[in-house]
Amino acid sequence: MPQKEMRVIPKPAGDAVVLEPEAGKLALEGQGDTTYRCGACKTRLMDNVSHMDVFHGEHFDAVKCPKCGKYNAVPDEDHHHHH
Ligand SMILES: [Zn+2]
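Here the residue numbering is sequential within each chain, running from 1 through the sequence in written order. Thresholds applied to this predicted model are a pLDDT of at least 70 for local features of residues and 80 or more for the giving and counting of side-chain atom pairs; totals over whole chains, interfaces and linings are not thresholded and use all residues.

Visitor: Would you explain the overall build of the chain in this entry?
Guide: Of regular secondary structure, the chain possesses one helix and eight strands. The linear arrangement of helices and strands in the chain, starting from the amino end, is β-β-β-β-β-β-α-β-β. The C-alpha radius of gyration computed for the chain amounts to 12 Å, which stays within 12% of the reference 12 Å derived for 83 residues, consistent with globular compactness. Each principal axis of the C-alpha distribution contributes one length, and for the chain these read about 35 × 25 × 20 Å. Only DSSP runs of H or I covering at least 4 residues are called helices, and only runs of E covering at least 2 are called strands; the numbering of each starts at the N terminus. Two things to know: the radius of gyration comes from C-alpha atoms, and the globule rule equals 2.2 Å times the number of residues to the power 0.38.

This is the structure we're talking about:
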């Protein structure tokens, strides 16, 4: 089960789509096998997600970590397709 760290980014612009899970909740949960953690505090932000969930599901620009309040983006290298 791959675990990836997300990339901490500055606060996105006002029109960006930011997922803001409540404390202890995940921003996204799916049927895949990848866990994404906050790049700052390592809190799990997305669990059991697949490439489809992250890149071809509902669009989002960032995830706000409920624990440390930092904004996280999906790591750049994951935008490449490996099919
Ligand atoms: Zn965090």
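Visitor: Even after reading the chapter, I still don't get the sheet that holds strand β3 (residues 18–19), so can you show me in this structure?
Guide: Through backbone hydrogen bonds, the strands of a sheet pair up, either in parallel or in antiparallel fashion. For two strands to pair, DSSP has to find at least two bridges joining them. Ordered in space as β2-β8-β7-β3, the four strands form an open sheet in which the pairing is mixed. Two strands close off the open sheet at either side, each with one partner strand: β2 (7–9) and β3. As paired elements, β3 and strand β7 (residues 62–64) share two bridges and run parallel to each other. Bridge pairing links V18 to A62 in β7.

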